[in-house]
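Descriptive analysis of the structure
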Amino acid sequence: MYKIPAKTLFTGKNLVFVPECHSTNVLALELSQKKGAAEGTMVITNNQTRGKGQVGNVWSSEPGKNLTLSLIIKPTFLAIPDQFYLNMAASLALHDLLKTVTAETVRIKWPNDILINEKKTCGILIENQIQGNSITYTIIGIGLNINQVRFNEKRATSLKLITGLDYNLQAMLDELCAYFEQWYIKLREGKSNEIRQAYYGCLYKMEEQATFSDKVGSFDGQIEGVDDVGRLIVNTGQGIRYFNTKEVQFNFP
Ligand code: BTN
């Protein structure tokens with residue numbers, strides 16, 4: 001059970017808590033399509049049994065240990081090609097939250113992960129509903145590993161594994177909602193440059209030499225940013241390349 005976050009104007013004010021569900025993103029999508037939903041409606045569960053990850057992956061989360069939630073927003077003010085700013089706003093909110101609880105290195109890994117010490121602590125799954133020229137609803141699904149200590153994936157971690165401490169999920173939720181709302185309001189106010197600059201400041205391997213792989217093989221390059229449609233911009237020394245999600249991967253050491 002969760003309480004309505006205290007520090008926000010609209011984020012999480014309409015709180016839909018379900019003890020168990022397959023996927024909060026699926027529930028949120030149904031809610032927005034069938035009944036409509038107020039801006040900032042949040043669907044949250046203690047036990048997500050068939051969590052959706054990126055490109056058909058499954059997101060697993062131990063019951064009661066982590067945050068698994070979906071926010072419904074209505075970014076009708078945002079031009080469709082600018083939809084990656086929603087990803088930036090959500091990523092920045094999670095980055096800010098994690099920075100308040102750990103002095104370790106927190107980075108946003110393009111396009112959807114938040115890393116602590118190069119390990120994945122959080123995944124974001126954004127699903128847009130588009131009608132004509134406008135984004136009518138966006139579902140921002142967030143899986144944030146907090147108190148879970150056992151993972152099957154080598155590159156997964158949690159706050160507890162990093163700091164050794166237990167966290168109050170409600171307190172984390174309250175702060176997350178407040179940070180998200182701050183960034184989302186900036187977006188509504190048209191402060192997209194500020195958002196982009198903040199995002200670049202937290203972006204994993206930004207302007208650092210790194211090794212990547214694409215479907216052809218591995219190559220070295222330096223991230224120069226993300227373009228307006230959310231493609232990763234990599235300078236390989238031989239030229240600038242643009243990558244969509246899943247067209248490129250980082251080679252971790
Ligand atoms: C990823 O890194 O692959 C994205 C994972 C997103 C997981 C969250 S958990 C809450 C919400 N509901 C889902 O079914 N998925 C997202």
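Heads up: the structure comes first, above all this text.
Before going into details, it helps to say that this report is about the structure given with it. Just so you know, these numbers come straight off a predicted model, no measurement behind them. (Residues numbered from 1 in each chain as written. Predicted model: local features only at pLDDT ≥ 70, side-chain atom pairs only at ≥ 80, totals over all residues. Heavy atoms only, no water.)

What the chain contains, in helices and strands, is five helices and 14 strands. What you see for the chain is a C-alpha radius of gyration of 18 Å, in line with the 18 Å of a compact globule of 253 residues. Along the first, second and third principal axes, the C-alpha set of the chain runs to 55 × 45 × 30 Å. Counting the 253 residues in the chain, one finds 52% classified as buried. (Helix = DSSP H or I, 4+ residues; strand = E, 2+ residues; numbered from the N terminus. Rg over C-alpha atoms; globule rule 2.2 N^0.38 Å. Buried < 20%, exposed > 50% of the residue type's maximum accessible area, 1.4 Å probe, protein only.)

The next point concerns the pairing of strand S6 (residues 106–109). When S6 meets strand S7 (residues 113–116), the two strands line up antiparallel, connected through four bridges. Its bridge partner being in S7, Ile108 is matched across the sheet by Ile114. What sits between the antiparallel neighbours S6 and S7 is a turn of three residues. (Pairing = 2+ DSSP bridges.)

Judged by nonpolar contacts, the single largest core of 63 residues is most densely connected at Leu67, Leu144, Tyr199, Leu203, Phe212 and Leu232. When residues of this core are assigned to their parent elements, the largest contribution, eleven residues, is made by helix H2 (residues 84–101). Those residues in contact with Phe212 that lie beyond four places of it in its chain are Gly217, Ser218, Phe219, Gly221, Gln222, Ile223, Leu232, Val234, Val248, Gln249, Phe250 and Asn251. (Core = buried A, V, L, I, M, F, W, Y, C linked by side-chain atoms within 4.5 Å. Contact = heavy atoms within 4.5 Å.)

Glancing now at helix H4 (residues 169–188). Between its first and last C-alpha, H4 extends 28 Å over 20 residues, near the 28 Å set by a 1.5 Å rise per residue. Counting buried positions along H4 yields 14 of 20 residues, so the element is predominantly enclosed. Phi turns positive one or two residues past the end of H4, at Gly190, with a value near 80 degrees. (Expected span 1.5 Å × (residues − 1).)

Two modes of strand pairing occur in sheets, parallel and antiparallel, and in both the strands are linked by backbone hydrogen bonds. What the seven strands build is an open sheet, ordered S1-S2-S5-S9-S8-S7-S6; its pairing is mixed. Of all the strands in the sheet, just strand S1 (15–21) and S6 have a single pairing partner and so form its edges. Neighbour-to-neighbour, the strand axes of the sheet open up by a mean angle of 20 degrees, direction not taken into account. Across the sheet, H2 is in contact with strand S5 (67–73), S6, S7, strand S8 (119–131) and strand S9 (134–144); its angle to S8 comes to roughly 150 degrees. (Axes fitted to C-alpha atoms, helices over the stretch in contact; angles between N-to-C directions.)

So, about the site of the ligand. Neighbouring residues of the ligand: 19 residues in total, closest Ser23, Gln48, Lys52, Gln54 and Lys120. Residue Gln54 places a main-chain N or O atom 2.7 Å away from an oxygen atom belonging to the ligand. A total of 410 Å² of accessible area belongs to the ligand in isolation, and the protein chains cover 98% of it. Taken together, the elements giving at least two residues each to the shell around the ligand come down to helix H1 (24–34), strand S3 (51–52), S5, S8 and S9. (Near = heavy atom within 4 Å. Polar contact = N/O pair within 3.5 Å; in protein donor to acceptor, adjacent residues only side chain to side chain. Areas by Shrake-Rupley, 256 points an atom, 1.4 Å probe, with all protein chains shown as cover.)

The next subject is the packing of H2 against H4. Relative placement of two packed helices is described by the angle separating their axes and the distance separating the axes. Where H2 meets H4, the closest approach of the two axes is 8 Å, and the angle between their N-to-C directions is 140 degrees. Between H2 and H4, the angle falls in the class oblique. The two elements H2 and H4 cross, and the hand of that crossing is right-handed. In this structure, H2 uses Tyr85, Leu86, Ala89, Ala90, Leu92, Ala93, Leu94, Asp96, Leu97, Thr100 and Val101 to contact H4, whose residues at the interface are Met172, Glu175, Leu176, Tyr179, Phe180, Trp183, Tyr184 and Leu187. (Parallel < 35°, antiparallel > 145°, perpendicular 65-115°, else oblique. Left-handed = near helix turned anticlockwise from the far one by under 90°.)

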